[in-house]
Amino acid sequence: MGEIRNFRSGNHDEPPPHGSMPRRLAAIIVGDIASYSRLMQADEEGTHVRVKRIERDLIEPSIVEHHGTLVKTTGDGFIAIFDSPVEAVRCSIVIQQNLVGRNASLPRESRIEYRIGVNLGDVIVEPDDVYGDGVNIATRIEGIAEPGQVYISGAIYEQIKHKVVCGYESLGDRKVKNITDPVRVYRVLPDADAVGRTRGRRENTLIFLLGVTLLVIAAGVLWYLLAQPWRRGTEQAAAPSVAPVASPSPQPAPREAATQTPQPSPSLAAPSPSPAPAPSAPAPSASASSAPAPSASAPSASAPSASASSPAPSPSATPLREPEMIAIRGGSFAMGSNDDPTERPVHQVTVKPFSIAKYPVTVQEWNECAAAKACGFTAIGKDDAPITNVSWTDAQQYAAWLARTTKKSYRLPSEAEWEYAARGGTQTKYWWGDKLQPGMAGCKDCGDLAAEQPAKVGSFKPNPFGLHDMGGGVDQWVEDCWRRTYQGAPGDGSAWTGGDCSSHVLRSGSWKNDSRYVRPSNRDGYDTNVRYPTHGFRVALSP
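Residues numbered from 1 in each chain as written. Predicted model: local features only at pLDDT ≥ 70, side-chain atom pairs only at ≥ 80, totals over all residues. Heavy atoms only, no water.

Some words on the overall build of the chain
As a reminder of what qualifies: Numbering goes from the N terminus for both helices and strands, where a helix is a DSSP run of H or I of at least four residues and a strand is a run of E of at least two. Classification of residues uses two cut-offs on accessible area relative to the type maximum, computed with a 1.4 Å probe and protein chains only: under 20% is buried, over 50% is exposed, and between them is partly exposed. Residues count as neighbours in contact if any of their non-hydrogen atoms are within 4.5 Å of one another. Here, Shrake-Rupley sampling with a 1.4 Å probe gives the accessible areas, and only protein chains in the shown set may cover a residue.
Helices and strands together make up the secondary structure of the chain, namely 13 helices and 19 strands. Looking at the chain as a whole, 42% of its 543 residues qualify as buried. Taking contacts inside the chain between residues at least 6 apart in sequence as the whole, the part at least 24 apart equals 71%. Surface accessibility of the chain: about 28,900 Å² in total, with carbon and sulfur atoms responsible for 56%.

What follows is the structure, encoded as structure tokens:
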């Protein structure tokens, strides 16, 4: 049975008024589980439990976070409605990326994969459902989508093409069932790797066609060249029969031509020895290309050799951009708060001395790891912006690469170390006091700097320890596995690992959250292998 959700404001117990039904322009998401019947046949009870968990933990929160409303669930799917096409597509991408992480450790035949279709259209709104071609087209687009993919209509594409950072692959006009006109369909490519793969497929196709064309042309030229001697032979064979008397006189002419045509080749070969005197100077062979010009003097020959050797060390001599670190003296503090159940119980923790990055890891720092083929993707954005859309696993890859490259013990901070550093020696609600102050952190209601993207690192005042962006900006991964309370947490400041580590702890809150999330004690958990647009991190360093 479908789970019905009211999504209109007002009194839903009253029957709709007589007359025309209310209509509105809305973005509609329709999701459906691929191979649902096969999954139910293999494990009916287990599949039902898994689907309900995905709806509860992923689909419903994602819809709410992107300002949409869940209209209903249908056992093997769902329908949601949004005022904004941008938020509808972002929500769809988040759902699919989360499912990739959830399915990573499962065999292919056991994975729960959704097909998602998104359309913008005029719909009829009722208290417990929506109707109209706007919904029907979304349903038809979902039906042709591949498992794990998001397909959108042309109407959605026109609204979001310059607003959502992703790629799109046009699938052309599709004729869909019970819809009069063909529907323009696009496949959403949510990350740069997908865009590159699609672009690579197109380029490979063009290269293949160009190669075939060149091959045909080359075959034609080769056939022409091979056919010429045969034609000349037939002409020469036919020549004596036509004019046997004149044959002796023309024959020397070809011989002369044959002997004269090689004459230019020695003359052309004569310039080639002219560069030879240059190598006779004691200049190294590496500078031979530049040696002929300055061959008049020995010092000029040595100068190119020095210039040739100077660029060689420059790539290796490029210094690695290490994060700027702040040394933190050890100490004890009361960790947690009574503001949220996940922050209880408040407990005393003693932290050993360590160092932590002054700022979150930036796009430039991350891309150095990506250039070394040690991090999974190349980030897009300004160099001084914090890296975003990283999973806990991505953060670990960067820390491991940094430690390996610098021979220093870089790592993620423990949750206790992060909160100790974020408090900066204070015990107030925020590090600056108990009341929110504008311009102190980057969050949705923290001041004028709230925007669609996080501010560059260091845009806000540092805390008493000299650390920037320890509240707001980007969510920050720490080493610890996620647990719903502090019951049984270690008191020595070490990371709390072991047990079920399918999720890890996030701190700081982000520019998309309100001020409750920028408190030093605020904590949350998220899937270990799933990327999310607001997630970043900073590194720590053991002494």
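Focus on the packing of aromatic side chains
When we look at a pair of aromatic rings, we describe it by the centre distance and by the angle of the planes. We apply this condition: By convention, a stacked pair of Phe, Tyr or Trp rings (six-membered ring in the case of Trp) has centres within 6.5 Å and planes under 30 degrees apart, an edge-to-face pair has planes over 60 apart, and any other such pair is tilted.
Here the structure, examined in full by the defined rule, presents 13 aromatic pairs. Relative to Tyr186, the ring of Tyr157 has its centre 4.0 Å away and its plane inclined at 10°; by these criteria the two rings are stacked. With Tyr157 in helix H5 (residues 154–160) and Tyr186 in strand S9 (residues 183–189), this residue pair connects regions lying 29 residues apart in the sequence. We note that Tyr157, like Tyr186, is buried. Aromatic pair Trp366 and Tyr398: ring centres 6.1 Å apart, planes at 20°, arrangement stacked. Separated by 32 residues along the polypeptide, Trp366 in helix H11 (residues 363–371) and Tyr398 in helix H12 (residues 392–406) bring together distant segments of the chain.

As for the environment of Val351
The residue Val351 is located in strand S12 (residues 347–351) in this model. The spatial distance from the C-alpha of Val351 to the C-alpha of Asp492 is 5.9 Å, given a sequence separation of 141 residues. Once residues within four sequence positions are removed from consideration, Val351 is found in contact with Gly330, Gly331, Phe333, Ala416, Glu417, Tyr420, Asp492 and Gly493.

Regarding the state of the cysteines
Our working definition: Any two cysteine sulfur atoms within 2.5 Å of one another count as a disulfide.
Applying the stated criterion to the full structure yields three disulfides. Note that Cys369 is cross-linked by a disulfide to Cys375, the S-S spacing being 1.9 Å. When the S-S torsion is 85°, as for the bridge of Cys369 with Cys375, the disulfide is right-handed. Across a sulfur-sulfur distance of 1.7 Å, Cys443 and Cys446 are joined as a disulfide pair. Linking Cys443 and Cys446, the disulfide has an S-S dihedral of approximately 95° and is accordingly described as right-handed. The exposure classification of Cys443 matches that of Cys446, with both residues buried.

A look at the nonpolar core
Taken as a class, soluble globular proteins show a tendency for nonpolar side chains to be buried jointly. Keep this limit in mind: Only buried residues count toward a nonpolar core. Its members are Ala, Val, Leu, Ile, Met, Phe, Trp, Tyr and Cys residues joined through side-chain atoms within 4.5 Å.
Residues Ile29, Tyr114, Ile152 and Tyr168 are the most contacted members of the largest nonpolar core, which totals 37 residues. In contact with Ile152, not counting residues within four places along its chain, are Val89, Val118, Ile141, Tyr157, Ile160, Tyr168, Arg184, Val185, Tyr186 and Val188. In terms of nonpolar packing, the next biggest core, distinct from the first, is built from 30 residues, Val363, Phe377, Tyr398 and Tyr410 among them.

Focus on the pattern of salt bridges
As a working rule, side chains carrying opposite charge can pair if their charged atoms are close by. This is how it is decided: Criterion for a salt bridge: a side-chain nitrogen of Lys or Arg within 4 Å of a carboxyl oxygen of Asp or Glu.
By the definition in use, this model includes 24 salt bridges. Note that Arg102 and Asp527 form a salt bridge whose closest N and O atoms lie 3.5 Å from each other. You can see Arg102 sitting in helix H3 (residues 85–103) and its partner Asp527 sitting in strand S17 (residues 524–527), a full 425 residues away along the chain. Accessibility expressed as a relative area gives 17% for Asp527, which makes it buried. For Arg507, the salt bridge is made with Glu419, and the minimal N-O distance between the two is 2.7 Å. Of this pair, Arg507 sits in strand S16 (residues 503–507) while Glu419 sits in helix H13 (residues 415–423), and the two are 88 residues apart along the sequence. Residue Arg507 is classed as buried on the basis of its relative accessible area, which comes to 1%.

Topic: the sheet that holds strand S19 (residues 540–541)
The line we're drawing: Paired strands are those between which DSSP finds at least two bridges. Axes, fitted as lines to C-alpha atoms, cover a helix only where it is in contact. Angles between the N-to-C directions of the axes lie from 0 to 180 degrees.
If you trace the four strands from one edge of the open sheet to the other, you get S10-S13-S19-S14, paired in antiparallel fashion. The open sheet has two free edges, formed respectively by strand S10 (325–328) and strand S14 (410–411), since each of these has just one partner strand. Alignment of strand S13 (residues 354–357) against S19, held across two bridges, turns out to be antiparallel. Note that in S19 the partner of Ser355 across the bridge is Leu541. Helix-sheet contacts for H13 involve S10, S13 and S14, and the interaxial angle to S13 is about 75°.

Brief notes about the sheet that holds strand S15 (residues 475–481)
Read from one edge to the other, the open sheet built from four strands follows the order S17-S16-S15-S18, with strand pairing classed as mixed. Since the sheet does not close on itself, it has two edges, and those belong to S17 and strand S18 (535–537), each with one partner. Going across the sheet, the axis of each strand differs from the next one's by a mean of 55°, ignoring polarity. Against the sheet, H12 engages S15, S16 and S18, with an angle of about 85° to S15.

Without other data, these values stay purely geometric and don't point to any function.
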